[in-house]
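Coordinates in review
Single-letter residue listing:
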Amino acid sequence: MSKRNLSRSLSVAAVLGLTVAGLGANSASAASSYAPYEGSAREAKANKAFFEAVVKAVAEKRAANPGAKSVTVVYDASGAPTFARQIAASTSIWNSAVSNVKLQQGSSGASFSYREGNDRRGSYASTDGRGKGYIFLDYAQNKEYDSTRVTTHETGHVLGLPDTYDGPCSQLMSGGGPGPSCTNAQPDAAERGKVEKLWAGGLAKALNKVR
């Protein structure tokens, strides 16, 4: 849910690029705080690269147990104490919504982390190109938009979902497109189904590459 273009808008490792996604802003007040943002092919490519890196990293650690029915992705939330409640809610939402992948907080062996601060880009999921990924939660954006929706949306990118800027409020990955009044933090049936498919087929495919 990048704050960029709100109007349109495991263990993890990542290999390519920077920013992948965020929640945009379109109000007059937000315009002074956030840089304009429009979805692009470059961003979509970065999202895909981030997810594929996550799957590969998980596969490498799980190669010894390829028959497992689900994958546990560990994250470190210590870098975003202000959003502890929202991160816990996001974890609960996703763990209740899907069964092929589960999120778990922990500092040891964590593959991605949550961070907080001020950034004109808003909230986003990012990779550093050195095998680490993180979700950045922007203070201003999380005050203007429903913070649990922002956090759950950004976590959706870690699980493989792209932005759907023009979607309705019922779509979690529509991000800020529906406007600040949208507080839905639940993925819809199509989003849940896509995550299930990605982590069923995606992990199996990755496991074959590391055996």
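1. Regarding the confidence of the model for the protein chain
In the predicted model, the protein chain carries a mean pLDDT of 77, and 64% of its residues have values of at least 70. Taking the mean pLDDT of every element in the protein chain, the minimum, 38, falls on helix α1 (residues 28–31) and the maximum, 98, on helix α3 (residues 84–97). This model gives residues 2–20 a pLDDT under 50, and the stretch forms 130 contacts once residues within four places in sequence are excluded.

2. So, the environment of A200
Within the fold, A200 resides in helix α6 (residues 189–210). The exposure class assigned to A200 is partly exposed, which follows from its relative accessible area of 43%. Between the C-alpha atoms of A200 and V71, which are 129 residues apart in sequence, the distance is 9.3 Å.

3. As for the pattern of salt bridges
The final tally for this structure, using the stated rule, is one salt bridge. Put simply, D119 and R121 hold a salt bridge, and the shortest N to O gap is 2.8 Å. A relative accessible area of 18% means that D119 is categorised as buried.

4. Details of helix α5 (residues 147–158)
In a regular helix each residue adds 1.5 Å, so twelve residues correspond to 16 Å; α5 covers 17 Å between its end C-alpha atoms and thus fits that length. Listed in full, the buried residues belonging to α5 are S147, T148, R149, V150, T151, T152, H153, E154, T155, G156, H157 and V158. The first or second residue beyond α5 is G160, which carries a positive phi of 110 degrees.

5. Quick look at α3
Between its first and last C-alpha atoms α3 spans 20 Å; for 14 residues at 1.5 Å apiece the expected length is 20 Å, and the two agree. Regarding α3, the residues found buried are Q86, I87, S90, T91, I93, W94 and A97. Projected down its long axis, α3 carries its buried residues within an arc of 165 degrees, all on one side. Relative to its buried face, α3 has exposed residues pointing more than 90 degrees away, namely R85 and S96.

6. Some words on the packing of aromatic side chains
Inspection of every chain in the model, using the stated rule, returns six aromatic pairs. With a centroid separation of 5.8 Å and an interplanar angle of 40 degrees, the aromatic rings of Y75 and F112 are classed as tilted. Remark: F112 occurs in strand β4 (residues 112–117) and Y75 occurs in strand β2 (residues 71–76); sequence separation between them is 37 residues. The exposure class of F112 is buried, given its relative accessible area of 1%. Three or more aromatic residues link up through ring pairs in this structure, and these residues are Y75, F112 and Y114. The ring of Y134 has R115 sitting right over it, with the charged end atom 3.7 Å from the ring centre.

7. Looking at the packing of α3 against α5
Two elements in contact, α3 and α5, have axes separated by 9 Å at closest approach and are oriented at 55 degrees. As far as their axial angle goes, α5 and α3 are oblique. α3 and α5 meet at a crossing whose hand is right-handed. Of the residues in α5, those touching α3 at R85, Q86, I87, A89, S90, I93 and W94 are S147, T148, T151, T152, T155 and G156. When grouped by side-chain class, the residues that make up the contact of α3 with α5 number four nonpolar, eight polar and one charged.

Conventions adopted
- Residues numbered from 1 in each chain as written.
- Predicted model: local features only at pLDDT ≥ 70, side-chain atom pairs only at ≥ 80, totals over all residues.
- Heavy atoms only, no water.
- pLDDT = per-residue confidence, 0-100.
- Helix = DSSP H or I, 4+ residues; strand = E, 2+ residues; numbered from the N terminus.
- Contact = heavy atoms within 4.5 Å.
- Buried < 20%, exposed > 50% of the residue type's maximum accessible area, 1.4 Å probe, protein only.
- Salt bridge = Lys/Arg side-chain N within 4 Å of Asp/Glu carboxyl O.
- Expected span 1.5 Å × (residues − 1).
- Arc of directions from axis to C-beta.
- Phe/Tyr/Trp six-rings, centres within 6.5 Å; stacked < 30°, edge-to-face > 60°.
- Lys NZ or Arg CZ within 6 Å of the ring centre and 35° of its normal.
- Axes fitted to C-alpha atoms, helices over the stretch in contact; angles between N-to-C directions.
- Parallel < 35°, antiparallel > 145°, perpendicular 65-115°, else oblique.
- Left-handed = near helix turned anticlockwise from the far one by under 90°.
- Nonpolar A, V, L, I, M, F, W, Y, C, P; charged D, E, K, R; others polar.

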